[in-house]
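Below are the chains, spelled out letter by letter.
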Amino acid sequence: MANQSISPERVPAAAVRSRIGRGKLEPILFNTVNTIFMIFLVVVTLYPFLNTIVVSFNAGNDTIRGGLYLWPRQFTLQNYKAIFVSGTIYDAFLISVARTVLSTILNIFLTTMLAYTLSRREYVFRKPITFIFVLTMYFNAGLIPGYFLMKDLHLINTFWVYVVPSMISAFNLIVIRTYIGTISESLVESARIDGAGDFKIFWSIIFPLCKPVLATIALFVAVGAWNSWFDAFLYTSSRQELSTLQYELMKLLSSSMNANSNPAVANGAGITRDSASMVTPLSIRAAVTVVASVPILLVYPFMQKYFVVGLNVGSVKE
């Protein structure tokens, strides 16, 4: 009799209310879990860099004790003084800025022009030339042939040894060509009807529409050029005026590790005997990391919008 007292119309209504209740609970539960996960991800991502900053501002002898987390225990600027005490750092900074700017501009402009050429269907040699560029991504002649090539081109001990080898990138070429392929062909055909030539089409239509992918490639090229030190070691180590910031910081870090055992080497790098007793390789490495990272961190926020869009190249098919 109890079952008969329940109206048949109430059963669907109760089920609907139950589903509505679950529908309201699920977004709240998802947002809560997602927020907790994102906070955890931010902490895991930022903490190593924050800890590096703390170590760079902490006394080297105290850093050895450990236990540093989010605030220096013995605040000091000695780690940064040990880096900037040498006047060569400032000249090396200017060289690094110049090579980064020139490498980025030339790589973007020349690689985009080549990518546009290889994206044209009427160009009969586009497939074999593309194949040759892709082949260079899998096979490399090696370090010694590369050095002799730079020597034959008379680039050794010159500033242009930093710029010329990076003017064209096979990987960037493929990425930009793929992006150009997503641009409507009707835009190019309309420009041709109006009498525009290939260079006019490239500069007025293709280049502006490629801003997202070009910003992404520019960031890749700039970071690579800024962080590079091995080419300075190979090609310009005999000319101090052509040394880059990364190479100078690498030499400084190496000298700080040998400061106690070889004071002459430390003094040659600008680390005095007194400062060597106050800094350690760990504190110098932290300060070097911060100095090398700051310029890129200042540039990235202005390119983040284009960088996120550019990373989606080829991910969506219409």
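Just so it is clear, the model here is predicted, and its values are computed rather than measured.

Enquirer: Describe in detail the side chain of S119, supporting the description with residues and values.
Expert: With respect to the secondary-structure elements, S119 resides in helix α4 (residues 88–119). At 2.6 Å, the side chain of S119 forms a polar contact with the backbone oxygen of Y116. If near-sequence neighbours (up to four positions away) are discounted, S119 is found in contact with R177 and I180.

Enquirer: Describe unusual backbone geometry, naming the residues involved and giving the relevant values.
Expert: Within the chain, H154 stands out as a residue other than glycine whose phi angle is a positive 60 degrees. Residue H154 is classed as exposed on the basis of its relative accessible area, which comes to 66%. Phi is positive for N157, which is not a glycine, with a value near 60 degrees. Summarising the element assignment, N157 is placed in the loop between α6 (143–152) and α7 (170–180).

Enquirer: Let's hear about helix α10 (residues 211–227): which residues, and what values?
Expert: Between its first and last C-alpha atoms α10 spans 24 Å; for 17 residues at 1.5 Å apiece the expected length is 24 Å, and the two agree. Listing the buried residues of α10 in full gives P212, V213, L214, A215, T216, I217, A218, L219, V221, A222, A225 and W226.

Enquirer: Which residues make up the environment of N227, and what values go with them?
Expert: Looking at where N227 falls in the secondary structure, it is placed in helix α10. Residues N227 and Y247 lie 20 residues apart in sequence; the distance between their C-alpha atoms is 9.0 Å.

Enquirer: So, the side chain of T111: which residues are in play, and what are the values?
Expert: Here T111 shows up in helix α4. Look at T111 and you get buried, because its relative accessible area is 0%. A polar contact of 3.5 Å, which involves the side chain of T111, links it to the backbone oxygen of M167. In contact with T111, not counting residues within four places along its chain, are L106, M167, I168, S169, N172, L173 and I176.

Enquirer: I'd like to hear about the packing of α4 against helix α9 (residues 198–209), residue by residue, with values.
Expert: Direction vectors running N to C along α4 and α9 enclose 110 degrees, while the axes themselves pass 11 Å from each other. When the interaxial angle is binned, α4 and α9 end up roughly perpendicular. In the packing of α4 onto α9, the handedness of the crossing is right-handed. Together, I108, F109, T112, M113 and Y116 of α4 and D198, F199, I201, F202, W203, I206 and F207 of α9 make up the contact between the two elements. In terms of residue class, the contact of α4 with α9 is made up of ten nonpolar, one polar and one charged.

Enquirer: Mind laying out the pattern of salt bridges, listing which residues take part and the relevant values?
Expert: Summed over the entire model, instances satisfying the criterion amount to nine salt bridges. A salt bridge links E122 to R120, with the shortest nitrogen-to-oxygen separation between them at 3.4 Å. With a closest N to O distance of 2.6 Å, E185 and R120 form a salt bridge. Remark: R120 occurs in the loop between α4 and α5 (126–138) and E185 occurs in helix α8 (residues 185–193); sequence separation between them is 65 residues. With relative accessibility at 9%, the residue R120 sits in the buried group.

The rules behind each value
- Residues numbered from 1 in each chain as written.
- Predicted model: local features only at pLDDT ≥ 70, side-chain atom pairs only at ≥ 80, totals over all residues.
- Heavy atoms only, no water.
- Helix = DSSP H or I, 4+ residues; strand = E, 2+ residues; numbered from the N terminus.
- Polar contact = N/O pair within 3.5 Å; in protein donor to acceptor, adjacent residues only side chain to side chain.
- Contact = heavy atoms within 4.5 Å.
- Buried < 20%, exposed > 50% of the residue type's maximum accessible area, 1.4 Å probe, protein only.
- Expected span 1.5 Å × (residues − 1).
- Axes fitted to C-alpha atoms, helices over the stretch in contact; angles between N-to-C directions.
- Parallel < 35°, antiparallel > 145°, perpendicular 65-115°, else oblique.
- Left-handed = near helix turned anticlockwise from the far one by under 90°.
- Nonpolar A, V, L, I, M, F, W, Y, C, P; charged D, E, K, R; others polar.
- Salt bridge = Lys/Arg side-chain N within 4 Å of Asp/Glu carboxyl O.

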